[in-house]
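Each chain is listed here by its residues.
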Amino acid sequence: MGYQMPSLLYPAGALEPVISRTTIDLHFGKHMQTYVDNLNRLAHGNEYEGMSLREIVRQAPEGPLLDNAGQVLNHALYFEQFTPLTKANNLPSGTLLSAIRFDFGNFDTMRQKMQDACSALFGSGWVWLAQDERGKLEIMRCHNGDNPLRWKRNPLFGIDVWEHAYYLDYQNRRAEHVKRIWEIVDWEMVESRMDL
Ligand code: MN
């Protein structure tokens, strides 16, 4: 059986104009599929076959298996955390908003710090809103296919800053892409990932 592609929770064009249908078709349908295929090939017939994705990401030594497992997990979390544009003022609420206020002061400060981290990340990678072992929120810059789980952190919301995530829609304007991504975040999904 191996690892399966998750299903997309919305039509491929539903995140337009923030993320185009073409980008979703390629990013989900081609890039993520390749990571899944590579992971299945690399985990075949060894101790990682049948191991949960999160366990592989926690335990595997650096190398192609970890790179692909990390990217499968990263992209599973990424595509699941979006929802079609529904609100002009799309903000978290409840427990998540309380935690953001406690650890960053307010939502705008957290958002700005995450945007700054995206701009400052050189090359390919991810910026995550994550929780440490005591539940404290922090922003993490992860290179390539790295994930907060490797650092004993719980990944809540991730921004993919590999060029494949935005280049067709925004060309070299990474900051512009990142500025708009907040419009399509499913904050209830993000909150559901918290260790309370
Ligand atoms: Mn990607």
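Look up a bit, the structure's there.
Every value quoted in this text rests on a predicted model; they were computed, and no experiment measured them. (Residues numbered from 1 in each chain as written. Predicted model: local features only at pLDDT ≥ 70, side-chain atom pairs only at ≥ 80, totals over all residues. Heavy atoms only, no water.)

(A) Fine view of the overall build of the chain. Looking only at helices and strands, the chain has 8 helices and 3 strands in total. When its helices and strands are written in sequence order, the chain yields α-α-α-α-α-β-β-β-α-α-α. Taken over C-alpha atoms, the radius of gyration comes to 16 Å for the chain, in line with the 16 Å a tight globule of 196 residues would show. For the C-alpha atoms alone, the extent of the chain along its principal axes is close to 50 × 40 × 30 Å. Going through the 196 residues of the chain one by one, you find that 47% of them count as buried. Intrachain contacts of the chain at a sequence separation of at least 6 include 66% that bridge at least 24 residues. (Helix = DSSP H or I, 4+ residues; strand = E, 2+ residues; numbered from the N terminus. Rg over C-alpha atoms; globule rule 2.2 N^0.38 Å. Buried < 20%, exposed > 50% of the residue type's maximum accessible area, 1.4 Å probe, protein only. Contact = heavy atoms within 4.5 Å.)

(B) Structural view of the coordination of the manganese ion. Donor atoms from the polypeptide that bind the manganese ion are H27 (NE2), H75 (NE2), D160 (OD) and H164 (NE2), placed at 2.0 to 2.1 Å. Here the donor residues of the manganese ion share one chain and are spaced in sequence as H-x47-H-x84-D-x3-H. Placement of H75 in helix 3 (residues 64–80) and of H164 in the loop between strand 3 (154–160) and helix 6 (167–170) is noted, with a sequence separation of 89 residues between them. On the basis of relative accessibility, which here comes to 0%, the residue H75 falls in the buried class. (Donors = N, O, S within 2.8 Å, 3.2 Å for Na, K, Ca; no water.)

(C) Focus on the packing of helix 1 (residues 21–42) against helix 3. Between helix 1 and helix 3, the least distance of the axes is 8 Å, while the angle of their chain directions is 140°. Of the two elements, helix 1 crosses helix 3, and the hand of that crossing is left-handed. In this structure, helix 1 uses I24, H27, F28, M32, T34, Y35, V36, N38, L39 and L42 to contact helix 3, whose residues at the interface are P64, L65, N68, A69, Q71, V72, H75, A76, Y78 and F79. Residues belonging to the contact of helix 1 with helix 3 are distributed by class as follows: 14 nonpolar, 6 polar and no charged. (Axes fitted to C-alpha atoms, helices over the stretch in contact; angles between N-to-C directions. Left-handed = near helix turned anticlockwise from the far one by under 90°. Nonpolar A, V, L, I, M, F, W, Y, C, P; charged D, E, K, R; others polar.)

(D) Looking closely at the environment of G158. Within the secondary structure, G158 is located in strand 3. Here the alpha-carbon distance between G158 and N74, two residues 84 residues apart in the chain, equals 7.5 Å. Excluding residues that lie within four positions of it along the chain, G158 makes contacts with Y78, Q81, W126, V127 and W128.

(E) Just the side chain of T23, in detail. Secondary-structure assignment places T23 in helix 1. What makes T23 buried here is its relative accessible area of 2%. Aside from chain neighbours lying at most four places away, what touches T23 is F28, H164, A165, L168 and D169.

(F) Local environment of the pairing of strand 3. Most of strand 3 is tucked away, with 7 of its 7 residues classed as buried. When strand 1 (residues 125–131) meets strand 3, the two strands line up antiparallel, connected through 6 bridges. Opposite A130, over in strand 3, you have P155 as the bridge partner. (Pairing = 2+ DSSP bridges.)

(G) A look at the packing of helix 4 (residues 94–104) against helix 5 (residues 107–120). Helix 5 packs onto helix 4 with a crossing angle of 75° between their chain directions and a minimal axis gap of 8 Å. Taken as axis vectors, helix 4 and helix 5 run roughly perpendicular relative to one another. Within the contact between the two elements, helix 4 uses L97, I100 and F104 and helix 5 uses F107, T109, M110 and K113. By residue class, the composition of the contact of helix 4 with helix 5 is 5 nonpolar, 1 polar and 1 charged. (Parallel < 35°, antiparallel > 145°, perpendicular 65-115°, else oblique.)

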